[in-house]
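Residue-level listing of the chains:
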Amino acid sequence: MKGVTPLFYSFLEHLQMQKEKIAYLQLIGKLEDYLVKEFCFHVYKESDRKVLALVNVYKEGEQRIDICLFRGKNLRNIEIYGMIEAKYLRNRHRLWHYDAKDEITTTLKKFRNQLHVFEEKTYGGYNVNLLSKTNEIYGLIFASYVSENKDK
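Residues numbered from 1 in each chain as written. Predicted model: local features only at pLDDT ≥ 70, side-chain atom pairs only at ≥ 80, totals over all residues. Heavy atoms only, no water.

Draft legend 1. Local environment of a nonpolar patch on the surface. Together, Leu 52, Leu 54 and Leu 75 make up a nonpolar patch on the protein surface, roughly 270 Å² of accessible area in all. Within the secondary structure layout, Leu 52 lies in strand β1 (residues 52–55). (Patch = residues over 30% accessible without salt bridge, like charges linked within 9 Å, V, L, I, M, F, W, Y side chains within 5 Å. Areas by Shrake-Rupley, 256 points an atom, 1.4 Å probe, with all protein chains shown as cover. Salt bridge = Lys/Arg side-chain N within 4 Å of Asp/Glu carboxyl O. Helix = DSSP H or I, 4+ residues; strand = E, 2+ residues; numbered from the N terminus.)

Here it is, written out as structure tokens:
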């Protein structure tokens, strides 16, 4: 099983192979939901179907964490080994000249508060045994930049 960081880097390679598709999709709308789900599927494939990545597993009263990585022999005996907060930053709202840079500072402030040492033993009703040596929640930022200049 791969650790969380190698999954990030292999996902970058995966996105690079789809750059034309991603470029088009960023012009038609916000991509955060798509990229989070694409990352989850990537984790599943890269782990030979041994890691299940789920979004928004939290229970009421818990911090909402975007992605939890699960490992285990069966669904009754699984644990969370990775927690990831994801954010999407962009300079434009779609392809028109509507600036989105005013969202970036607010998004990053929220992100800073969401990333911390996770000290609980359970989350969303599941046992937590984080792979991170410091028991921290990982951060994943997707940045989208639309240029004024035509670029193939």
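Draft legend 2. Structural view of the nonpolar core. Core analysis: the largest hydrophobic core is formed by 23 residues, its most contacted members being Phe 39, Ile 67, Leu 69, Ile 84 and Phe 142. Put simply, the parts of the chain that give this core at least two residues each are α1 (4–16), α3 (32–46), β2 (67–72), β3 (78–90) and β6 (138–144). Counting residues in hydrophobic clusters, the runner-up holds 12 residues, among them Cys 68, Phe 70, Ile 80 and Phe 118. (Core = buried A, V, L, I, M, F, W, Y, C linked by side-chain atoms within 4.5 Å. Buried < 20%, exposed > 50% of the residue type's maximum accessible area, 1.4 Å probe, protein only.)

Draft legend 3. Examining helix α4 (residues 104–114) more closely. Of all the positions in α4, only Thr 107, Phe 111 and Gln 114 are classed as buried. The buried side chains of α4 occupy one side of the element, clustering within an arc of 60 degrees when seen end-on. Exposed side of α4, more than 90 degrees from the buried face: Thr 106, Arg 112 and Asn 113 are the residues found there. Among the structural elements, β3 and β6 are those in contact with the buried residues of α4. (Arc of directions from axis to C-beta. Contact = heavy atoms within 4.5 Å.)

Draft legend 4. Representation of the side chain of Thr 107. As for its position among the elements, Thr 107 is in helix α4. The buried category is assigned to Thr 107, whose relative accessible area is 18%. Beyond its immediate stretch of four places on either side in the chain, Thr 107 contacts Lys 87 and Leu 89.

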